[in-house]
Amino acid sequence: MKKAGGLALCVAVLGVAVVLSLCAGNRWIGIGEVYRALTEFGGSDTDRVIRYLRLPRTLAGVLVGIALGLSGGVMQGVTRNPLADPGILGVNAGAAVAVVAAIGLFGVHSLNGYVWFAMGGALVATVVVYLVGAVGGTTPVKLALAGAAISALLGSITSAVTLLDLSTLNEYRFWVVGSLSLADQGIVAQAVPFVAVGTFLALMLGRSLNQLALGEDLARALGTRVMLVRSLAGLAVVVLAGTATAIAGPIGFLGLAVPHVARTIVGPDQRWILPWSMVLSPAVLLLADVVGRVAARPAELQVGIVTALVGAPLFIALVRRRRMASL
Amino acid sequence: MFIVLVGAFALTRGDYTLPIEEVLRTLSGHGTLITYDVVVNNRLPRILTGVGVGMAFGMSGAIFQRLARNPLVSPDLIGINAGAALAAVLIITVIGSGWIPLGALVGSLVSALCVYLLAYRNGVSGNRLVLVGVGVTAIVGSLTAYLLTLADIYTAKSASMWLAGSLAGRSWTHVVLIGITLFAGVPAAIVVERQLRVLELGDDLARALGARVETVRGVLIALGVGLAAMATATAGPIGFVALVAPQLTRRLVADRAARLPTSGAIGALLVVASDLIARTVVAPTVLPVGVVTAFLGAPYLLFLIGRRVA
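Residues numbered from 1 in each chain as written. Chains lettered and ligands numbered in written order. Predicted model: local features only at pLDDT ≥ 70, side-chain atom pairs only at ≥ 80, totals over all residues. Heavy atoms only, no water.

A.B. asks: So what about the overall build of chain A? Which residues, and what values?
C.D. replies: If you tally the helices and strands in chain A, you get 14 helices and zero strands. Secondary structure elements in chain A, listed N-terminal to C-terminal, are α-α-α-α-α-α-α-α-α-α-α-α-α-α. Its C-alpha atoms give chain A a radius of gyration of 19 Å, near enough to 20 Å, the size a compact globule of 327 residues would have. Out of the 327 residues in chain A, the part that is buried amounts to 58%. Within chain A, contacts between residues at least 6 apart in sequence are counted, and of these 74% link residues at least 24 apart. For chain A, the accessible surface area stands at approximately 12700 Å², while carbon and sulfur atoms represent 68% of it. Charged side chains in chain A number 23 positive and 13 negative. The centres of these two groups are separated by 13 Å. (Helix = DSSP H or I, 4+ residues; strand = E, 2+ residues; numbered from the N terminus. Rg over C-alpha atoms; globule rule 2.2 N^0.38 Å. Buried < 20%, exposed > 50% of the residue type's maximum accessible area, 1.4 Å probe, protein only. Contact = heavy atoms within 4.5 Å. Areas by Shrake-Rupley, 256 points an atom, 1.4 Å probe, with all protein chains shown as cover. Lys, Arg positive; Asp, Glu negative; His and termini not counted. Charge placed at Lys NZ, Arg CZ, Asp CG, Glu CD.)

The following block contains the structure:
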């Protein structure tokens, strides 16, 4: 019951974060005015700001947050690796290199066009990391090592492309910090089905991931189809992390930190970790985005920077306080 | 081991095969002004810097990986690269150029110190070091990325070039810089290698054998950090050399003796060969060497990981 109550509390926090994200910004807009702008669109400047800038941005934050929190949780569950994160296992790097290729080589400049590239890149990176990690038995160290290798490889391609073409570098440097400000209604609408599918898959996997945590042999003995679970988990991660990266750029740390926070609170049960991550992560992301908008006015700190500045110290504190390797 | 050293030496020479007689004539003082300029002022310092930087990275990586018994604990992962990068980008975007090596050195030492202090708790464990390194790298890296969005595009480009790890425009100053580092670092590495092997027996056994475990570990970490920090300050964060060189050494050299110098030699080989590729493959554009080291190093590492448990 306590876990469910806590989850409800998290949902409430998420609600507050959403409201804050709509109200706060370069100019504070009161809740009443926000409500009016959303219900009866009048075409005033305030209405436009709310509807065309802050609403898509907030929704994008919710989607990206859900996606990153869940994909991090699933990855940590399936690899039983405390370092697992879409960033560390190369999924973000795969999405990023594909987006750079899209900008630099194929002249795709709309966010709507990035999604498919990002997902393809994420897929390829995930498959390669997994295949390399799987030869001769998967171990956490091998997976993480393979992820590091793939990230470095793809990162080198990324910097080669960006250094050869100045305009690509120009676009890339704004995208790579991780920002929600580039999202518009179109991309949000397009992302919804992807995130929905990924979320459904991820939440379905909770029980199987618990069994996988007992070790491969025991899980198999309990009737878990290990290969199937791994493949579905991989699929969920690719869809979620790929979509998130396409919308907002590679936002690090959320996928790593949030499931750890969830695990400290609710314990090792994936059926709780995943929903908690799914709610906590967008709340954190939105709050971080609000802080980024308010802190450096009139300029803004991109949300990826804020999540790193906030998430990393928290993460370090966790590392120092507890035994992280207990997965 | 000697074969590897000789091989490394031969290959670094091999770079000069482009106009070999001309090069030899120039080196012995009989070249034209132009060849002198190309060979002595341009290529030689570049290659020597590459050799030195590669050696430093290779040895540093070997120290860290063996100390932590964890192939992921390379200087790249514990904040050295990130700190150097932030300091260098700060200098490039705010002050202009100049002072980059010094700034990068300070930056990498500061961030490595942060990582070490934050990871310290009744000693330093490999996993905690990596985890804290990931955290600090994330903070520092995101600040670096933010600085890049504030700069104008040309500044951003030269900063990115540095960030990728480049030997372009390295002069004799850089050679001296890395040369002094190695002059102190190589003998030190050879001396501490014995201690390292004692530590590898496990803390308890090492203690029983009379080793002052924490002191030795501290010295080793300081040496590893110093080598990597100087190398990064000289040539930028050339990725992967520190990670790959010790792994390659482990596989190539069956003899367990003197792995640190061997690792250094292989690191040097990697950097110099990569720079050769970087200069020639997409000529006339010159890629930063770090792009190539990653591009070549990563698949080989993947192959190794796939073949056996790392």
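A.B. asks: Could you give an account of empty space enclosed by the protein, with specific residues and numbers?
C.D. replies: All names here are of chain B. Enumeration over the complete set of coordinates arrives at three cavities of 30 Å³ or more. The space that makes up the second largest cavity amounts to roughly 50 Å³. Of all the elements in the fold, those that place two or more residues in the lining of the second largest cavity are helix H11 (241-252), helix H12 (259-280) and helix H13 (289-307). It is H13 that contributes the most residues to the lining of the second largest cavity, three residues altogether. (1 Å grid on protein atoms, 1.4 Å probe; cavity = no way out; pocket = protein on both sides within 12 Å on 5 of 7 lines; lining within 4 Å. Points joined across faces, edges and corners; volume = space filled by probe spheres on them.)

A.B. asks: An account of the pattern of salt bridges is needed here, citing residue identities and associated values.
C.D. replies: Inspection of the entire model under this criterion finds four salt bridges over all chains. Of the charged contacts in the structure, one is a salt bridge between Arg57 of chain A and Asp289 of chain A, with a shortest N-O distance of 2.8 Å. Here Arg57 of chain A is found in helix H3 (residues 45-79), whereas its partner Asp289 of chain A is found in helix H13 (residues 270-295), with 232 residues between them in sequence. Looking at Arg57 of chain A, the relative accessible area reads 9%, which means it is buried. By relative accessible area, Asp289 of chain A is classed as buried at 0%. A salt bridge links Glu193 of chain B to Arg66 of chain B; the shortest N-O distance between them is 2.9 Å. One end of the pair, Glu193 of chain B, is in helix H8 (residues 172-199); the other, Arg66 of chain B, is in helix H3 (residues 33-68), and 127 residues separate them in sequence. This pair shows no difference in class: Glu193 of chain B is buried, exactly as Arg66 of chain B is. (Salt bridge = Lys/Arg side-chain N within 4 Å of Asp/Glu carboxyl O.)

A.B. asks: Requested: an account of the confidence of the model for chain B, with residues and values cited.
C.D. replies: With 78% of its residues at a pLDDT of 70 or more, chain B has an overall mean of 77. Across residues 10-18 of chain B, where pLDDT falls below 50, the model places 13 contacts with residues more than four positions away in sequence or in other chains. (pLDDT = per-residue confidence, 0-100.)

A.B. asks: Which residues make up the UniProt feature "transmembrane region" (unreviewed entry) in chain A, and what values do they have?
C.D. replies: Residue and element names in this part refer to chain A. The UniProt record marks residues 58-75, 87-108, 114-136, 143-167, 187-206, 227-253, 273-292 and 299-319 with the feature "transmembrane region" (unreviewed entry), using the residue numbering of this structure. The span residues 58-75 is 100% helical and 0% strand by assignment, and the distance between its end C-alpha atoms comes to 25 Å. In this annotation, residues 227-253 is assigned 81% helix and 0% strand; the end-to-end C-alpha distance for the span is 28 Å. (UniProt positions renumbered as here; feature names shortened; annotations may be inferred.)

A.B. asks: Tell me about a nonpolar patch on the surface, residues and numbers included.
C.D. replies: A cluster of nonpolar side chains, Trp99, Leu102, Val106 and Val110 of chain B, forms an exposed patch at the surface whose accessible area comes to about 440 Å². Its location among the elements puts Val110 of chain B in helix H5 (residues 100-119). (Patch = residues over 30% accessible without salt bridge, like charges linked within 9 Å, V, L, I, M, F, W, Y side chains within 5 Å.)

A.B. asks: Can you lay out the UniProt feature "transmembrane region" (unreviewed entry) in chain B for me, pointing to particular residues and giving the numbers?
C.D. replies: All names here are of chain B. The UniProt record annotates "transmembrane region" (unreviewed entry) at residues 47-65, 77-96, 102-120, 129-151, 171-192, 219-245 and 285-305. A helix fraction of 96% and a strand fraction of 0% characterise residues 129-151, whose end C-alpha atoms lie 33 Å from each other. With 81% helix and 0% strand, residues 219-245 has end C-alpha atoms that lie 21 Å from one another.

A.B. asks: Can you explain the packing of aromatic side chains? Please cite residues and give values.
C.D. replies: All names here are of chain A. Per the stated rule, a full pass over the model turns up one aromatic pair over all chains. Seen in terms of ring centroids, Trp116 and Phe194 are 5.1 Å apart; in terms of plane orientation they differ by 80°. Their pairing is edge-to-face. Of this pair, Trp116 sits in helix H5 (residues 111-134) while Phe194 sits in helix H8 (residues 185-204); the two residues are 78 residues apart in sequence, bridging distant segments of the chain. Overall, the relative accessible area of 51% leaves Trp116 in the exposed class. For Phe194, a relative accessible area of 17% puts it in the buried group. (Phe/Tyr/Trp six-rings, centres within 6.5 Å; stacked < 30°, edge-to-face > 60°.)

A.B. asks: Run through the interface of chain A and chain B, naming residues and quoting values.
C.D. replies: Each side of the interface is counted separately: chain A has 43 residues, and chain B has 46 residues. Overall, the association of chain A and chain B removes approximately 3800 Å² of surface from exposure, summing both partners, and the carbon and sulfur fraction of that is 81%. Along the contact surface separating chain A from chain B lie zero salt bridges. At the surface where chain A touches chain B, the tally comes to three residue pairs in polar contact (both at pLDDT 80 or more). At the level of elements, H5, helix H6 (140-164), helix H7 (166-176) and helix H14 (303-321) of chain A are the ones that each hand at least two residues to the side of chain A that touches chain B. Ranked by residue count, the leading element in the side of chain A that touches chain B is H6 of chain A, at 16 residues. Within the side of chain A that touches chain B, the residues separate by chemical class into 34 nonpolar, four polar and five charged. (Buried area = accessible area lost by both parts, 1.4 Å probe. Polar contact = N/O pair within 3.5 Å; in protein donor to acceptor, adjacent residues only side chain to side chain. Nonpolar A, V, L, I, M, F, W, Y, C, P; charged D, E, K, R; others polar.)

A.B. asks: Explain the confidence of the model for chain A to me, using residue names and the numbers behind them.
C.D. replies: Model confidence for chain A is summarised by a mean pLDDT of 80, while 92% of its residues fall at 70 or above. Across chain A, H13 of chain A holds the top mean pLDDT of 88, while H6 of chain A sits lowest at 75.

A.B. asks: How would you explain the environment of Leu163 of chain A if you had to name every residue and give the values?
C.D. replies: Inspection of the secondary structure puts Leu163 of chain A in helix H6. Taking relative accessible area as the criterion, Leu163 of chain A reaches 5% and is therefore assigned buried. Setting aside residues no more than four positions away along its own chain, Leu163 of chain A makes contact with Lys157, Ser160, Met161, Ala164 and Pro288 of chain B.

A.B. asks: Please provide a residue-by-residue account of the packing of helix H12 (residues 254-266) of chain A against H13 of chain A, values included.
C.D. replies: Each pair of packed helices gets described by two things: the angle between the helix axes and the distance between those axes. Residue and element names in this part refer to chain A. Taken N-terminus to C-terminus, the directions of H12 and H13 make an angle of 125°; their axes are 9 Å apart at the nearest point. As judged from the angle between their axes, H12 and H13 are oblique. The hand of the H12/H13 crossing is right-handed. On H13, the residues that touch Leu254, Val258, Pro259, Val261, Ala262, Arg263, Ile265 and Val266 of H12 are Trp272, Ile273, Trp276, Ser277, Leu280, Ser281, Val284 and Leu285. Here the contact of H12 with H13 is composed, by residue class, of 13 nonpolar, two polar and one charged. (Axes fitted to C-alpha atoms, helices over the stretch in contact; angles between N-to-C directions. Parallel < 35°, antiparallel > 145°, perpendicular 65-115°, else oblique. Left-handed = near helix turned anticlockwise from the far one by under 90°.)

A.B. asks: Explain H7 of chain A to me, using residue names and the numbers behind them.
C.D. replies: Residues and elements named next belong to chain A. Along H7, the positions that sit buried rather than exposed are Thr168, Leu169, Tyr172, Arg173 and Trp175. Seen along its axis, H7 keeps its buried residues to an arc of 165°; they face one direction. Where H7 terminates, the next one or two residues include Gly178, which has phi positive at roughly 85°. (Arc of directions from axis to C-beta.)

A.B. asks: How would you explain the packing of H8 of chain B against H12 of chain B if you had to name every residue and give the values?
C.D. replies: Residue and element names in this part refer to chain B. Relative to each other, H8 and H12 sit at 125°, their axes nearing to 8 Å. In terms of orientation, H8 lies oblique with respect to H12. Listed contacts from H12 to Ala189, Ile190, Val192, Glu193 and Leu196 of H8 are Arg259, Leu260 and Pro261. Residues belonging to the contact of H8 with H12 are distributed by class as follows: six nonpolar, no polar and two charged.

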